[in-house]
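Working through the structure, step by step
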Amino acid sequence: MVVYFSWSGNTEAVAEAIVQQTGADVFRIQPETPYTDDYDALLDIAKEEQAEGARPAISGRLENLEQYDVVFLGFPNWWGDMPMILYTFLDEYDLSGKTIAPFVTSGGSGFSGTINAIESAEPDAAITGGLSLGSSEAREPEQAVADWLQGLESGESGIKVMTNYDKGDEKMAAKIIVQSEQGQVTYELNGSAAASSLRGQLPLSLAVEDFSTNEKIFYPTQALDTTDSPLAKGGAGTLAYYAPWGDAVMFYGDFRENPDLFELGTATERADIISKMSGTITILAAE
Ligand SMILES: Cc1cc2nc3c(=O)[nH]c(=O)nc-3n(C[C@H](O)[C@H](O)[C@H](O)COP(=O)(O)O)c2cc1C
């Protein structure tokens, strides 16, 4: 079942591609009182709704939800969050025991903190890796959707899953993307056991914290397996794992080697954003 909300059609295009490729049924969330067609006015309305914690009423009802195991849930990013009508949906329908496959379209913010929000609203549902597309990518979503579905089917999670990724193959490069409000940084992983075990936990959405004057850190949900993993040697731009504390470290300045600090990879795009990151970050697997 594909459930989505779309105001200007981008999320709808992605929803349609999912329907086309899976044959799933579809339910479009529409407000009982339609939104304005005026973009600028909508910006203000959406912001107000968010500030008030509004629950705009949904027109119509989704029947027979119990017969579906998987719900593809799509929405545009509005002010770094889901449109409030998605909260209405999650309040009104119980997705316990189901698998939610989230997808978002945005001007660049991606999921922001919405995965956490879905998790809080539906604590007894499983959430897969999501698909995040920019507004223009969303207009030709077929390949991205196909890749995503293939990744979900093969049991991995994350967008654009490298289905041929072999955890044992040290030479095969795998990338991850760290998204933040300040922009997104791409890391190339080094193929170590520690890097593979980080990748296996994606997607993750969590808080980024400041540490010292050269590090931004986050805590993966589970400890990483550091068997035979190399120690961190690189300078600024290194992604590392500090085993005693179980935190991943994004260095933006030089650092000293340490016998408990393992190298996971190196920033290959937009390393300049690391020092500015704050709030919630989302970490996704990428090709
Ligand atoms: C009210 C409103 C708020 C938005 N806020 C954000 C935002 O915080 N970050 C972002 O990247 N894009 C933002 N956008 C852009 C939309 O997420 C983007 O255009 C999306 O693809 C629209 O999807 P739709 O065509 O399915 O409605 C916002 C758009 C609207 C209308």
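Cut-offs applied
- Residues numbered from 1 in each chain as written.
- Predicted model: local features only at pLDDT ≥ 70, side-chain atom pairs only at ≥ 80, totals over all residues.
- Heavy atoms only, no water.
- Axes fitted to C-alpha atoms, helices over the stretch in contact; angles between N-to-C directions.
- Helix = DSSP H or I, 4+ residues; strand = E, 2+ residues; numbered from the N terminus.
- Parallel < 35°, antiparallel > 145°, perpendicular 65-115°, else oblique.
- Left-handed = near helix turned anticlockwise from the far one by under 90°.
- Contact = heavy atoms within 4.5 Å.
- Nonpolar A, V, L, I, M, F, W, Y, C, P; charged D, E, K, R; others polar.
- Core = buried A, V, L, I, M, F, W, Y, C linked by side-chain atoms within 4.5 Å.
- Buried < 20%, exposed > 50% of the residue type's maximum accessible area, 1.4 Å probe, protein only.
- Domains from an automatic or database assignment.
- Buried area = accessible area lost by both parts, 1.4 Å probe.
- Salt bridge = Lys/Arg side-chain N within 4 Å of Asp/Glu carboxyl O.
- Polar contact = N/O pair within 3.5 Å; in protein donor to acceptor, adjacent residues only side chain to side chain.
- Pairing = 2+ DSSP bridges.
- Near = heavy atom within 4 Å.

Now for the packing of helix α1 (residues 10–22) against helix α5 (residues 142–153). At their nearest, the axes of α1 and α5 sit 9 Å apart, and the two run at 55° to each other. In terms of orientation, α1 lies oblique with respect to α5. Between α1 and α5 lies a crossing of right-handed hand. Residues Val14, Ala17, Ile18, Gln21 and Thr22 of α1 form the contact with α5, whose participating residues are Glu142, Val145, Ala146, Trp148 and Leu149. Considering only residue class, the contact of α1 with α5 consists of seven nonpolar, two polar and one charged.

A word on the nonpolar core. One finds Val3, Ile29 and Phe89 to be the most contacted residues of the largest nonpolar core, which totals 32 residues. Those elements that place two or more of their residues in this core are α2 (39–52), β3 (70–76), α3 (84–92), β4 (99–106) and α4 (114–121). Ignoring anything within four residues of it in the chain, the contact list for Val3 reads Phe27, Ile29, Leu62, Val71, Phe72, Leu73, Gly74 and Phe89. Counting 26 residues, the second-largest nonpolar core is a separate cluster that includes Val178, Leu189, Leu204 and Met250.

With that out of the way, let us pick up the domain arrangement of the protein. Looking at the assigned domains, one finds that the protein contains domain 1 (2–153) and domain 2 (174–286). Averaged C-alpha coordinates put domain 1 and domain 2 at centres separated by 29 Å. Domain 1 puts ten residues into the contact, and the matching count from domain 2 is five residues. Together domain 1 and domain 2 conceal approximately 540 Å² of surface at their shared face, both sides included; 51% is due to carbon and sulfur atoms. A per-residue breakdown of the area domain 1 buries against domain 2 is headed by Phe111, Ser112 and Asn116, which together make up 45% of the total. Connecting domain 1 to domain 2 are zero salt bridges. The interface formed by domain 1 and domain 2 holds one residue pair in polar contact (both at pLDDT 80 or more) in total. Broken down by class, the residue content of the side of domain 1 that touches domain 2 amounts to two nonpolar, eight polar and no charged.

Across the junction of Leu202 and Pro203, the peptide omega takes the value 5°, indicating a cis bond. Tracing the backbone through its elements, the reader meets Pro203 in the loop between α6 (193–199) and β9 (204–207). With phi around 60°, Arg270 is a residue other than glycine that occupies positive phi space. Relative to the assigned elements, Arg270 resides in the loop between β14 (261–269) and β15 (280–286). With a relative accessible area of 47%, Arg270 lands in the partly exposed category.

Strand order in the open sheet made by the nine strands is β9-β15-β7-β8-β14-β12-β13-β11-β10, with antiparallel pairing throughout. Across the chains shown, the open sheet's two edge strands, defined by having one partner strand only, are β9 and β10 (209–211). The average undirected angle you get between the axes of adjacent strands in this sheet is 30°. As paired elements, strand β7 (residues 174–180) and strand β8 (residues 183–189) share seven bridges and run antiparallel to each other. Its bridge partner being in β8, Ile177 is matched across the sheet by Thr186.

Structurally, Thr11 can be placed in helix α1. Note on Thr11: relative accessible area 1%, which makes it buried. Other than its neighbours up to four places away in sequence, Thr11 contacts Tyr4, Phe5, Ser6, Gly74, Phe75, Pro76, Phe103 and Thr105.

Taken together, 21 residues are adjacent to the ligand, and Ser6, Ser8, Asn10, Thr11 and Ser109 come closest. Separating an oxygen atom of the ligand from a backbone N or O atom of Gly9 is a distance of 2.9 Å. Elements that contribute at least two residues to the shell around the ligand include exactly α1, α2 and β4. Broken down by element, the shell around the ligand gets its largest block of residues, four residues, from α2. Residues that form the shell around the ligand fall into these classes: eight nonpolar, 13 polar and no charged.

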